[in-house]
Amino acid sequence: MKLQSIRVKSSLPIVLLGIAIVILIAGYTYLINLQKEAIDAQSERFLNAVSVVVNADRDLYQAKVAELQLVTQMKGNKGQLTDHQENAEQVKERFKQYLSYMSPYSEVTGQFRNFDSAFDAWYGASTAYINNPANASQKQASEQSFSALRDILDKAGEAADKTSQAETEKLMDKVMGFKVMLMVMIAVVLAVAGWFSY
């Protein structure tokens, strides 16, 4: 079979165009899967991480409200004391969930190794203030440790948001690189098909 025959000249470009179509379909299927994974990661990891840290912040405020009610009433209301304890436990539990969601990003979770000590400092200071509301130094310690813990929660939310943005940018770079490679491959196949058709 000669390369110059009419059969080869007409068949080979059609075969090459078929290959180009298969490459396009496979390439765009890969791109769609990449984007689906990114959307899943955004919704399952980052949105949940931000959500639990916002809820932890809310629980911390609710514990603070219970603390203030306990110290201003000068009597031990068992319901408010229970609210204080339950909200404090929820803060700790929600931050564990945050760390779990962000576990693939050790550079993020490593920033918050001091959470447990900050939480314990706040809870201890808050409890001491509830038990002795007249002591000004205990009030100050409670306020300072509350602010420090809030700062950690705020930074955790910001870190999840920044990591999400960085991951999105990485994905977009990967998608664009793959699209360029795909277009080059298709251009080469079309050029070869064009060359054979002459």
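In the block above lies the structure referred to throughout.
Conventions used here
- Residues numbered from 1 in each chain as written.
- Predicted model: local features only at pLDDT ≥ 70, side-chain atom pairs only at ≥ 80, totals over all residues.
- Heavy atoms only, no water.
- Helix = DSSP H or I, 4+ residues; strand = E, 2+ residues; numbered from the N terminus.
- Rg over C-alpha atoms; globule rule 2.2 N^0.38 Å.
- Contact = heavy atoms within 4.5 Å.
- Areas by Shrake-Rupley, 256 points an atom, 1.4 Å probe, with all protein chains shown as cover.
- Lys, Arg positive; Asp, Glu negative; His and termini not counted.
- Charge placed at Lys NZ, Arg CZ, Asp CG, Glu CD.
- Buried < 20%, exposed > 50% of the residue type's maximum accessible area, 1.4 Å probe, protein only.
- 1 Å grid on protein atoms, 1.4 Å probe; cavity = no way out; pocket = protein on both sides within 12 Å on 5 of 7 lines; lining within 4 Å.
- Points joined across faces, edges and corners; volume = space filled by probe spheres on them.
- Nonpolar A, V, L, I, M, F, W, Y, C, P; charged D, E, K, R; others polar.
- Salt bridge = Lys/Arg side-chain N within 4 Å of Asp/Glu carboxyl O.
- Axes fitted to C-alpha atoms, helices over the stretch in contact; angles between N-to-C directions.
- Parallel < 35°, antiparallel > 145°, perpendicular 65-115°, else oblique.
- Expected span 1.5 Å × (residues − 1).

**Q** Please clarify how the overall build of the chain should be interpreted in this entry.
**A** When helices and strands are tallied, the chain shows five helices and zero strands. Secondary structure elements in the chain, listed N-terminal to C-terminal, are α-α-α-α-α. Taking 16 Å as the expected radius of gyration for a compact globule of 198 residues, we find that the chain reaches 30 Å, considerably beyond that expectation. With respect to the three principal axes, the spread of C-alpha positions in the chain is 100 × 25 × 20 Å. Taking the intrachain contacts of the chain between residues at least 6 apart in sequence as the baseline, contacts between residues at least 24 apart amount to 80%. As presented, the chain carries roughly 12,000 Å² of accessible surface, and 60% of it is formed by carbon and sulfur atoms. Computed over 20 positive and 21 negative side-chain charges, the separation of the two mean positions in the chain equals 9 Å.

**Q** Looking at this structure, how should I read the environment of Glu107?
**A** Tracing the backbone through its elements, the reader meets Glu107 in helix α3 (residues 106-109). With relative accessibility at 51%, the residue Glu107 sits in the exposed group.

**Q** What's the story with the layout of surface pockets in this structure? I'm lost.
**A** Of the volumes computed, that of the largest pocket is approximately 250 Å³. Forming the walls of the largest pocket are 15 residues, and the residues nearest its centre are Glu37, Ala38, Ala41, Glu167 and Leu171. Where the lining of the largest pocket is concerned, the elements lending two or more residues are α1 (6-73) and α5 (136-197). Sorting elements by how many residues they give to the lining of the largest pocket places α1 first, with eight residues. Considering only residue class, the lining of the largest pocket consists of eight nonpolar, two polar and five charged.

**Q** Help me understand the environment of Gln144, please; the structure alone is not making it clear to me.
**A** Within the fold, Gln144 resides in helix α5. A C-alpha to C-alpha distance of 28 Å links Gln144 and Tyr101, two positions 43 residues apart in sequence.

**Q** How should I be thinking about the pattern of salt bridges in this particular structure?
**A** Any two side chains of opposite charge can pair, given that their charged atoms come close. Taken as a whole, this structure holds eight salt bridges when the rule is applied. Between Asp59 and Arg58 there is a salt bridge, and its shortest N-O distance comes to 3.1 Å. Residue class for Asp59 comes out buried when judged on its relative accessible area of 0%. Ionic contacts of the salt-bridge type, sharing partners, join the residues Arg58, Asp59 and Arg94 into one network.

**Q** Honestly, the side chain of Gln80 in this entry has me stumped. Any pointers?
**A** You can see Gln80 is positioned in helix α2 (residues 78-101). Among the residues examined, Gln80 registers a relative accessible area of 10% and is labelled buried. Leaving out residues up to four positions away in the same chain, Gln80 has contacts with Ala66, Gln69, Leu70 and Gln73.

**Q** Is there a simple way to explain the packing of α2 against helix α4 (residues 115-131) in this structure?
**A** Between two packed helices, the angle of one axis relative to the other and the distance separating the axes together describe the packing. The interhelical angle for the contact between α2 and α4, taken along N-to-C directions, is 175 degrees, at an axis separation of 11 Å. Considering their axes alone, α2 and α4 lie roughly antiparallel with respect to each other. In contact with Leu81, His84, Gln85, Ala88, Val91, Lys92 and Phe95 of α2, α4 contributes Phe115, Asp116, Phe119, Asp120, Trp122, Tyr123, Ser126, Thr127 and Ile130. Here the contact of α2 with α4 is built from residues that sort into nine nonpolar, four polar and three charged.

**Q** Sorry, what's going on with α2 here?
**A** One full turn of an α-helix is made of 3.6 residues, so residues set three or four places apart face in the same direction. Over its 24 residues, α2 runs 35 Å from end to end, which matches the ideal 34 Å to within 8%, given 1.5 Å per residue. All buried positions along α2 are accounted for by Gln80, His84, Asn87, Ala88, Val91, Arg94, Phe95 and Tyr98.

That is the geometry; function is a separate question.
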